[in-house]
Amino acid sequence: MQLGVYIQVPFCQTKCTYCNFHTDVVSAARFRPYVEAVTREIRGHRMLYEEAGLVRPEALADAVVDTIYIGGGTPSLLDSGELQRLVESVGETFATELREVTLEADPETIEEAKARAWARAGINRISFGLQSFSDRELTAVGRRHRRADIFRAVSILRAAGIANISFDLIAGLPHQTGESWGASITELLALAPEHVSIYMLEIDEGSRLGKEILSEGTRYSAAAVPGDDAVVGFYEVACGALAAAGYHHYEISNWAKPGLESLHNLKYWRREAYLGFGAGAHSFSGAERWGNEPDAAAYVRAMEAGRLPVAERETLTSERALEEELFLGLRQLDGIDLARIEARYGVQLAKRFARLAAGGFIEQDGPLVRLAPGRLSVSNEVFVELLR
Ligand code: SF4
């Protein structure tokens, strides 16, 4: 069985106004004990899982880890020796045939010595949180880097031999206009990343900016956030420009040069097994999902006491697994094989899908069903309709 390993590093230098992740701004003195705790969790996971009645060791006996994803937070803040220890602890614990080892990095944290050390540690892919090429937009949401840092960081990474770089952009940042969005896309294409992720700004109670927008306030440049129609337009512009530049649109928010789709993230959408380590990290065994304690200090205390820091777990019912198949499967532009899913779960879905097809939400191609190209930006509405 191929297995993905996710490692969460929940620390950042400052808190971006739109961020709804559980991350802390802490002193660098907290990094080392945290890395110790995570390596302890990785090395001791078999015993910890057995004690907690999670995956039995024999179920993982033939597991071979082929992808590692170190995310956050801003894991590139860690000392390169600490990152190397995290990667090594996976290699010392699991059978590995590593094909993809990703590190999330922010442009301002990238230095020549660090980048070379990452490559030596086996990190072969950088997921780069650049979000925008407009200094006005970056400043408005409290990002630390500026446009010039992006160009500097990419040339450092290329010189260090990192051949696979993914760029993240956000559509819907305060002050974003059609013109500034077009300029960001043009600059992104000029740097020719291997992979691109484009997210639409999430507006919810989990971020300071989201709260202001929902209460119609003006702090954090909330009043300068573009409207929904404009953001959908930005997404459509990106779809056209990336397709014209030869990128393969393989998931609602993700594009890749052919053959460079994210192997690790594909596991999430295909419902393949992965184990998550660190505060707030999530795991999926195929039958059960569980998540660690999200508070980093509480996580470290639990690991120091030798306890598995699991805060939530869910054994999937057949109904829930089916929902996941539909929701995650339709995020992929290849779509889902309806006959396979109907046979596996013993259900008839044709009526539900006929309703969606009549509304123009989905299209059918033989046994495959996929979101209609013009409906990708409103996928959540389609999923709500589908799960009714
Ligand atoms: S760098 Fe990323 S994880 Fe950290 S605060 Fe900003 S958006 Fe959140």
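Residues numbered from 1 in each chain as written. Predicted model: local features only at pLDDT ≥ 70, side-chain atom pairs only at ≥ 80, totals over all residues.

**Considering the pairing of strand 5 (residues 164–171)**
Strand 5 sits mainly inside the fold: 7 of its 8 residues count as buried. Bridge analysis of strand 4 (residues 125–131) against strand 5 gives 5 bridges, and the strand direction is parallel. Note that in strand 5 the partner of Q131 across the bridge is L169. Relative to strand 6 (residues 195–200), strand 5 is paired through 6 bridges, and the arrangement is parallel. (Buried ≥ 20, exposed ≤ 12 C-beta atoms within 10 Å, placed from the backbone. Helix = DSSP H or I, 4+ residues; strand = E, 2+ residues; numbered from the N terminus. Pairing = 2+ DSSP bridges.)

**Here we look at the domain arrangement of the chain**
When the parts come together, some accessible area is lost, and that loss is often what is quoted as the size of the interface. For the chain, the assigned domains are domain 1 (2–269) and domain 2 (318–387). For domain 1 versus domain 2, the separation of C-alpha centres amounts to 28 Å. Contacts between the two partners involve 8 residues from domain 1 and, on the opposite side, 7 residues from domain 2. Those elements that place two or more of their residues in the side of domain 1 that touches domain 2 are helix 9 (228–244) and strand 7 (248–251). Among the residues making up the side of domain 1 that touches domain 2, the classes are represented as 5 nonpolar, 1 polar and 2 charged. (Domains from an automatic or database assignment. Contact = placed C-beta atoms within 7 Å. Nonpolar A, V, L, I, M, F, W, Y, C, P; charged D, E, K, R; others polar.)

**Looking at the sheet that holds strand 14 (residues 362–365)**
Pairing is antiparallel across the open sheet formed by 3 strands, whose spatial order is 13-15-14. In this open sheet, the two strands that pair with only one neighbour each are strand 13 (336–337) and strand 14. When strand 13 meets strand 15 (residues 368–371), the two strands line up antiparallel, connected through 2 bridges. For D337, the partnering residue across the bridge sits in strand 15 and is L368.

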